[in-house]
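Examining the three-dimensional arrangement
Single-letter residue listing:
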Amino acid sequence: MSLNAPRPVTQAVTIAGPAGVLEAIVDTPPDSAATQIAVICHPHPLYGGTMTNKVVHMLAKACNDLGVPAVRFNYRGVGASAGAYAEGDGETDDAIAVLDWARERWPGAGLWLGGFSFGGAVAIRAAVRRDVRRLITVAPAIRRVAVDAANLPTCPWLIVQGDDDELVDVADIQRWVATLPVPPELVMLQGVQHFFHGRMNDLRQVVLDWVRRTS
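Now for a description of the structure that goes with this document. In this text the structure is predicted, and so the values were computed from the model without any measurement.

1. Section: the overall build of the protein
Summing up its helical and strand segments, the protein has five helices and eight strands in all. Each helix (α) and strand (β) of the protein, taken in turn from the N terminus, gives the series β-β-β-α-β-α-β-α-β-β-α-β-α. Counting across all 215 residues of the protein, residues that qualify as buried make up 54%. A fraction of 64% describes how many contacts in the protein between residues 6 or more apart in sequence connect residues 24 or more apart. Carbon and sulfur atoms form 49% of the exposed surface of the protein, whose accessible area is close to 9,500 Å². Side chains of the protein give 19 positive and 22 negative charges; the mean places of these two sets differ by 4 Å.

2. Regarding helix α1 (residues 54-65)
Between its terminal C-alpha atoms α1 stretches 16 Å, which fits the 16 Å expected from twelve residues at 1.5 Å a residue. Counted residue by residue, α1 has nine buried out of twelve residues, so it is predominantly covered. For α1, the set of buried residues is V55, V56, M58, L59, A60, A62, C63, N64 and D65. Those residues of α1 that are buried are in contact with β2 (20-28), β3 (36-41), β4 (70-73), β5 (110-116), β6 (132-138) and α5 (200-214). A side-chain oxygen of the first residue of α1 lies 2.8 Å from the backbone nitrogen of V55; this N-cap is N53. In the segment just after α1, G67 is the residue with positive phi, at about 85°.

3. Details of the nonpolar core
Of all hydrophobic cores here, the largest spans 74 residues; its most connected members are V71, W106, L113, V138, W176 and F196. Here L113 is in contact with V39, C41, L99, A123, A126, A127, V132, R134, L135 and I136, once residues within four sequence places are set aside.

4. Let's talk about the packing of helix α2 (residues 89-105) against helix α3 (residues 118-127)
Any two packed helices are characterised by how steeply their axes cross, that is the angle between the axes, and by the distance between the axes. At a minimum axis distance of 9 Å, the contact between α2 and α3 shows a crossing angle of 65°. For the element pair α2 and α3, the recorded crossing hand is right-handed. Of the residues in α3, those touching α2 at D89, E91, T92, A95, I96 and L99 are F118, V122, R125 and A126. Of the residues in the contact of α2 with α3, the class split is six nonpolar, one polar and three charged.

5. A closer look at the pattern of salt bridges
Applying the stated criterion across every chain, the model contains twelve salt bridges. In this structure, the salt-bridge partner of D100 is R103, at a minimum N-O distance of 3.4 Å. Of this pair, D100 and R103 both sit in helix α2, three residues apart, which is roughly one turn of the helix. With a relative accessible area of 27%, D100 lands in the partly exposed category. In this structure R103 comes out as partly exposed when scored by relative accessible area, which is 33%. The structure contains a network of salt bridges with shared partners spanning K61, D65 and R204.

6. Some details on the pairing of β3
The buried count for β3 comes to five of six residues, which makes it a mostly enclosed element. Alignment of β3 against β5, held across six bridges, turns out to be parallel. By the bridge assignment for β5, C41 is matched with G115. For β3 and β4, the ladder comprises three bridges, and the chain directions are parallel. Bridge pairing in β4 links I40 to R72.

Rules behind the numbers
- Here the residue index of a chain counts from 1 through its sequence in written order.
- Local features are withheld for residues below a pLDDT of 70 in this predicted model, meaning they are given only at 70 or higher, and side-chain atom pairs are given and counted only at 80 or more; totals for whole chains, interfaces and linings count all residues.
- The basis for the side-chain values is all heavy atoms of the structure; hydrogens and waters are excluded.
- Starting at the N terminus, helices and strands are each numbered in turn, a helix being any DSSP run of H or I of at least four residues and a strand any DSSP run of E of at least two.
- Think of it in three bands: with a 1.4 Å probe and only protein chains considered, a residue is buried below 20% of the maximum accessible area for its type, exposed above 50%, and partly exposed in between.
- Residue contacts follow a heavy-atom distance rule, with two residues in contact if any of their heavy atoms lie within 4.5 Å.
- Here the open area of atoms and residues is found with the Shrake-Rupley method and a 1.4 Å probe, where only the protein chains shown may cover a residue.
- Charged residues are defined here as Lys and Arg on the positive side and Asp and Glu on the negative side; His and the ends of the chain fall outside this count.
- The location of each charge is read from NZ of Lys, CZ of Arg, CG of Asp or CD of Glu.
- In this analysis, the expected span of each helix is defined as 1.5 Å times one less than the number of residues it contains.
- N or O atoms closer than or at 3.5 Å make up a polar contact, with two conditions inside protein: a donor-capable atom paired with an acceptor-capable one, and, for residues adjacent in sequence, both atoms drawn from side chains.
- What we call a nonpolar core is a set of buried Ala, Val, Leu, Ile, Met, Phe, Trp, Tyr and Cys residues that are connected through their side-chain atoms within 4.5 Å.
- Simply put, an axis is a line fit to the C-alpha atoms, just over the touching stretch for a helix, and the angle between two N-to-C directions goes from 0 to 180 degrees.
- It is the rotation of the near helix from the far one that decides the hand of a crossing: anticlockwise by less than a right angle makes it left-handed, clockwise makes it right-handed.
- Gly falls in the polar group here, along with every residue not listed as nonpolar (Ala, Val, Leu, Ile, Met, Phe, Trp, Tyr, Cys, Pro) or charged (Asp, Glu, Lys, Arg).
- Salt bridge criterion: a side-chain nitrogen from Lys or Arg within 4 Å of a carboxyl oxygen from Asp or Glu.
- Two strands make a pair as long as DSSP finds a minimum of two bridges between them.

In structure tokens form, the structure reads like this:
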């Protein structure tokens, strides 16, 4: 999207979740056909993770650049969302509720799912429970939230990982990916730490290139 292009329309919404109402934001690019809808999961709620996290926002922006509306939401107990932290299990249920809401709001649209850190692991878990067409995970914290290696998504799947990540073990991610029967595409960004400081545009470009190349 060029610098002079119209900005996406941002709308605050509430979504019925399994533990009560979930606070969410929908970013819709101008003239979107809404044939695909993206849901983005944020980092760990006990360590300041919210739907306004910069990496989450950049994932939503990348989707918007592709003409895809993006739904960012706060897990239970975060911001104005009801409930309390639930060890990743409840947060996965929250993601499922948002996917179901998106399917109902945009009937017939394909579902994309993305997530960062804790939210990356939540997205992996949620993707096997719904018909997700694409999965984009950034530095997924697969040891923070248990991911079942025997029950993984089969849709096109991208992992973006910084090779200087101080919170997610890079070697562990590489070994884990290598063991998977249908491994996702793993893109390593050199000199990038967990929160992608100063490298947000690189992250955005990786996502754009991957979607365009695999469409």
